[in-house]
Amino acid sequence: MTATDVAGQVHAFIRSRVGDRDIRADTDIFEEGLVDSLFAMELITFVETTFGLSVLTEDLDRDNFCSVHAITRFVLGKNGAAARRDAG
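Residues numbered from 1 in each chain as written. Predicted model: local features only at pLDDT ≥ 70, side-chain atom pairs only at ≥ 80, totals over all residues. Heavy atoms only, no water.

Caption draft 1: Just the side chain of Thr27, in detail. Mapped onto the elements of the fold, Thr27 is located in the loop between helix 1 (3-18) and helix 2 (37-51). With residues up to four places along the chain from it excluded, the contact list for Thr27 reads Asp22, Glu32, Cys66 and Ser67. (Helix = DSSP H or I, 4+ residues; strand = E, 2+ residues; numbered from the N terminus. Contact = heavy atoms within 4.5 Å.)

Spelled out as structure tokens, the structure:
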């Protein structure tokens, strides 16, 4: 899965929840007031389900989920860590 694929899916999910707001890859969805606690949990569930990974307690850092770019980086990092673990 490429960064473009991940970013596209994340962007589409966020847009489906916030409507016609202008969401760029670097838009901080927390600072923009687009996220409440329920949406944050839905976002984590979306990431786990869509990308087949587990978000651990230590992953629950705002910086991992604050923008399309941050979520993409997080997903690719988790997938890379899993691939390295499986290969070793």
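Resuming the write-up.
Caption draft 2: Broad picture of the pattern of salt bridges. Throughout the structure, instances matching the rule amount to six salt bridges. The partner of Arg24 in a salt bridge is Asp22, and the shortest N-O contact between them spans 3.8 Å. Judged by its relative accessible area of 47%, Arg24 is partly exposed. Taking the relative accessible area as the measure of exposure, Asp22 reaches 58% and is therefore exposed. Arg62 is the salt-bridge partner of Asp28, the closest N and O atoms lying 3.1 Å from each other. Here Asp28, found in the loop between helix 1 and helix 2, pairs with Arg62, found in helix 3 (residues 62-65); they are 34 residues apart in sequence, far enough to count as distant. You can call Arg62 partly exposed: its relative accessible area is 37%. (Salt bridge = Lys/Arg side-chain N within 4 Å of Asp/Glu carboxyl O. Buried < 20%, exposed > 50% of the residue type's maximum accessible area, 1.4 Å probe, protein only.)

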